[in-house]
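# A look at the structure
Residue-level listing of the chains:
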Amino acid sequence: MKKKYILSALLCASVLFSCSDSETLVSESNGGDNGSATIVNIPDDAVSGELFIKFKPEVEEVLDQANALSRSGKMSRSSIPSVDEILDIAGAYEFQRVFPVDKRNEERTRKCGLHLWYLVKFDKTMDVQKVAQDMSKLAEVATVEYNHEIKRAYKTDRKAKGVNPVALTADGVTELPFNDPDLSKQWSYINDGTILDGKDSPVQAIAGYDVNCKEAWKKCKGDPSVIVAVMDEGVMYNHEDLKGNMWTNSAEELGGTTDNDGNGYAGDRYGYNFVTDCGLITYSDINDLGHGTHVAGTIAAVNNNGTGVSGIAGGDGTPDSGVKIMSLQIFAGNSGSTFLQEAKAIKYAADNGAVILQCSWGYNSGRANINNYTPGYLSDEEWSKNCVLEKEVMEYFLHNAGDPNGVMEGGLIIFAAGNEYAPMAAYPGAYKDFICVASVGPDGTPAPYSNYSTPSGSENMITAPGGDGEGTKTEDAGLILSTMPTAAIEGGDPTMNQSGYGYMEGTSMACPHVSGVAALGLSYAAKLRKHYRAEDFQKLLLHSVRPFSDDKLSGEKSYWYGWATYKDAAPHMSLNLSNYRGKIGGLIDANMVLSNIEGSDYNAQPMRVPNVYVALDGTKVVDLSKIYADNVTATDFNVVDSNVAAVSLKDNKLTVKGTKVGMTKASVTSSDGNTQEFVITVRKTTGNGWM
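Read on for a plain summary of the structure. Quick caveat: nothing in here was measured; it's all calculated off a predicted structure. (Residues numbered from 1 in each chain as written. Predicted model: local features only at pLDDT ≥ 70, side-chain atom pairs only at ≥ 80, totals over all residues. Heavy atoms only, no water.)

## Considerations on the packing of aromatic side chains
Rules: When the centres of two rings from Phe, Tyr and Trp lie within 6.5 Å, Trp using its six-membered ring, the rings pair. Their planes under 30 degrees apart give stacked, over 60 give edge-to-face, and anything left gives tilted. By definition, any uninterrupted DSSP run of H or I lasting at least four residues is a helix, any uninterrupted run of E lasting at least two residues is a strand, and each is numbered from the N terminus. Relative accessibility decides the category of a residue: with a 1.4 Å probe and only protein chains considered, values under 20% of the type maximum give buried, values over 50% give exposed, and everything between is partly exposed.
In total, this model carries 24 aromatic pairs according to the counting rule given. For the pair Phe-274 and Tyr-348, a centre-to-centre distance of 5.8 Å together with 80 degrees between the ring planes defines the contact as edge-to-face. On the criterion of sequence distance, the pair formed by Phe-274 in the loop between strand E12 (271-273) and helix H6 (291-300) and Tyr-348 in helix H7 (residues 339-351) is long-range, its members being 74 residues apart. Look at Tyr-532 and Phe-537: their rings are 5.3 Å apart centre to centre, the planes differ by 70 degrees, and that puts the pair in the edge-to-face class. Owing to a relative accessible area of 0%, Phe-537 belongs among the buried residues under this scheme.

Given below as structure tokens:
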């Protein structure tokens with residue numbers, strides 16, 4: 001049976017083991033007339049002694065009771081006799097919910113059925129396929145899924161070429177919006193057509209093939225209320241050009257062992273390391289590439305601080321003005337994680353405030369060249385059937401990230417298209433509900449490594465600069481410059497914990513340009529006090545593009561196939577540009593995004609005072625300055641039943657304290673004469689720890 005691999009969208013980078021092979025949709029037991037549960041993906045190379053089990057809702061009360069008896073959430077048995085009989089035979093020693101209880105979000109977790117997913121660990125010498133088959137025969141079980149390791153299989157000596165920060169100067173930056181010395185090298189933001197002048201390259205830059213940041217930055221530069229989760233290698237949270245824009249969980253100490261905020265994760269100050277299962281984010285292992293740090297810098301490197309590079313939504317240099325980066329670490333050195341950690345990372349992002357999930361990784365394209373790659377999935381249906389847990393948790397992010405009373409309800413999932421030179425993007429990015437990003441170089445033509453098109457055409461595809469080393473061969477100036485740990489740069493010292501900058505290319509680098517523009521757009525919507533549903537904002541993004549002219553998608557383009565792998569030994573080839581016509585979407589335009597937000601299309605709604613849910617004797621604060629237009633303040637409020645809640649108003653903030661279980665109507669009047677009504681609901685905390 002063939003293996004399928006997950007490939008990081010950094011050119012010639014991460015390779016991971018996938019859910020299934022393209023020849024098999026569902027394993028032996030497929031929920032037929034015998035009532036057996038579905039077994040999904042393949043047993044080949046499954047993690048020994050581990051299975052995912054999704055139970056039927058009928059047994060959730062028994063499972064809840066078993067969890068209630070366990071302080072840590074880890075048990076050895078389920079309290080379901082038929083299940084425990086198999087666990088005993090298998091030598092099971094751990095039985096736990098896939099997603100730990102987060103009391104703030106348990107209600108919606110249960111509504112989506114994610115509380116029914118469990119991981120069982122048993123004797124590694126047991127036949128994992130036999131245990132799966134036995135479990136699938138039980139009436140209480142809905143789905144059995146194999147766990148697989150997520151591995152990188154690249155040579156770690158292929159490091160990015162760095163830029164020495166000591167040598168940076170401010171020459172020529174007076175005409176640019178910010179004083180960051182190397183903004184002039186970031187052609188992907190502002191391309192004046194000169195980045196490759198005088199270089200020994202068949203490709204030359206053409207002015208205007210960028211994401212049009214210069215015009216967009218006149219309107220907005222980033223807002224700290226917008227959180228982007230970077231699911232990748234660990235982000236260097238103390239990088240001089242990133243630390244001001246890192247998401248911070250103020251309740252937690254970095255790497256601490258106590259879960260102070262009750263979200264199910266201890267020490268998660270800047271995110272979480274799902275590889276090591278602790279809050280300490282790492283980035284300086286000798287085998288790290290700096291991939292996550294590079295991606296993060298494109299989105300939100302701090303702007304106008306006189307240091308290094310700029311970020312698309314990195315603010316204006318004043319304190320707390322850029323969007324925030326949350327680090328979801330799924331790679332560390334030579335170590336990866338498993339589908340378990342991937343799923344937990346995605347749900348963590350949704351439950352802790354992220355509205356954009358930035359994913360510069362994915363499986364091989366289903367139409368990749370079989371001489372160089374093992375092809376992946378070919379259709380939405382195939383991916384959906386083989387990656388059930390993955391799909392369910394991604395749908396959770398789509399529908400539960402964000403805030404129904406904030407700038408956006410729901411979340412955006414943005415994937416790189418992949419780098420297999422294939423005529424179909426890789427999954428999960430090719431899935432119709434996600435945004436899939438292809439790559440262009442500084443000349444405005446497709447990067448020859450970039451995958452293109454999806455099973456639905458190009459409806460969910462968009463293009464952004466990702467660099468073109470294959471066209472320029474040896475010129476790093478045509479690649480993407482961003483933040484890096486010095487330890488991950490070619491020739492860097494892994495013992496030195498220093499901030500650096502380096503060049504990378506790939507759809508991995510194109511993807512964060514779209515995430516950054518999306519974050520900038522949401523920042524502008526927050527500034528204008530507008531609210532979107534995620535699906536409407538996604539349509540706005542996909543329509544805020546400049547189409548490629550026929551002359552850019554006709555004729556041939558010279559390139560060196562596999563340049564990043566073979567360099568001088570790479571064969572010289574030609575790319576038929578017409579193959580891309582109508583199959584890569586358009587080039588994302590940040591200023592067009594902001595202009596469309598100014599308009600009345602895409603179902604934007606004005607911000608409103610939210611309904612308030614508060615625990616008995618607990619308090620909630622509603623910041624009205626994020627709802628009202630600038631210079632508008634609250635002047636008065638009214639609570640119909642003051643026995644249910646005590647409300648106070650100070651500094652344009654409503655503080656609501658729950659004093660009696662129940663509901664009451666309330667209202668608040670603003671200085672512009674408008675009165676908005678809302679509902680206050682006070683609830684007890686239930687015995688199992690969720691509201």
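Still more to cover.
## Observations concerning the sheet that holds strand E27 (residues 605-606)
Strand pairs in the sheet, formed through backbone hydrogen bonds, run parallel or antiparallel to each other. Applied cut-off: The rule for pairing is simple: two strands pair if DSSP sees at least two bridges between them.
What the three strands build is an open sheet, ordered E16-E22-E27; its pairing is mixed. Each end of this open sheet is capped by a strand with a single partner; those strands are strand E16 (408-409) and E27. Taken together, the two bridges between strand E22 (residues 530-533) and E27 define a ladder with antiparallel strand orientation. In the strand pairing of E27, His-531 is matched with Gln-605.

## Brief notes about the packing of helix H12 (residues 534-543) against helix H14 (residues 590-598)
A pair of packed helices is captured by two measures, namely the crossing angle of their axes and the spacing between those axes. Let me state the cut-off plainly: Every axis in this analysis is a line fitted to C-alpha atoms, fitted for helices over the stretch in contact. Angles between the N-to-C directions lie between 0 and 180 degrees. Reported orientations rely on four angle classes, namely roughly parallel under 35 degrees, roughly antiparallel over 145, roughly perpendicular from 65 to 115, and oblique for the rest. It is the rotation of the near helix from the far one that decides the hand of a crossing: anticlockwise by less than a right angle makes it left-handed, clockwise makes it right-handed. For this analysis, residues touch if any pair of their heavy atoms sits within 4.5 Å.
Packing of H12 against H14 brings their axes to within 9 Å, and their N-to-C directions diverge by 135 degrees. Taken together, H12 and H14 sit at an angle that is classed as oblique. The handedness of the crossing between H12 and H14 is right-handed. Taken together, the residues of H14 that come into contact with H12 (itself represented by Phe-537, Leu-540, Leu-541 and His-543) are Met-592, Val-593, Asn-596 and Ile-597.

## A closer look at H12
Counting buried positions along H12 gives seven out of 10 residues, so the element sits mostly inside the fold. Buried within H12 we find Ala-534, Asp-536, Phe-537, Gln-538, Leu-540, Leu-541 and Leu-542.

## Digging into the sheet that holds strand E29 (residues 619-623)
Sheet architecture is open: three strands sit in the order E29-E32-E31, paired in antiparallel fashion. Since the sheet does not close on itself, it has two edges, and those belong to E29 and strand E31 (645-650), each with one partner. This sheet shows a mean twist of 20 degrees between the axes of neighbouring strands, independent of strand direction. Pairing between E29 and strand E32 (residues 653-658): five bridges, direction antiparallel. Within the sheet, the bridge partner assigned to Asp-623 lies in E32 and is Lys-653.

## Focus on empty space enclosed by the protein
Using the following cut-off: Cavities and pockets are defined on a 1 Å grid built over the protein atoms alone: a cavity is a set of grid points where a 1.4 Å probe fits but cannot escape, while a pocket is an open set with protein on both sides within 12 Å along at least five of seven lines, and lining residues are those with an atom within 4 Å of any such point. Grid points are joined across faces, edges and corners, and a volume is the space filled by probe spheres set on the points. Following the grouping adopted for this structure description, the nonpolar residues are Ala, Val, Leu, Ile, Met, Phe, Trp, Tyr, Cys and Pro, the charged ones are Asp, Glu, Lys and Arg, and the polar ones are all others, Gly among them.
A complete count under the given rule lists four cavities of 30 Å³ or more for this structure. Its volume calculated, the largest cavity comes out at about 70 Å³. Phe-99, Pro-100, Asp-102, Asn-263, Tyr-265, Lys-344, Lys-347, Tyr-348, Asp-351 and Asn-352 together form the lining of the largest cavity. Its residues assigned to classes, the lining of the largest cavity comprises four nonpolar, two polar and four charged.

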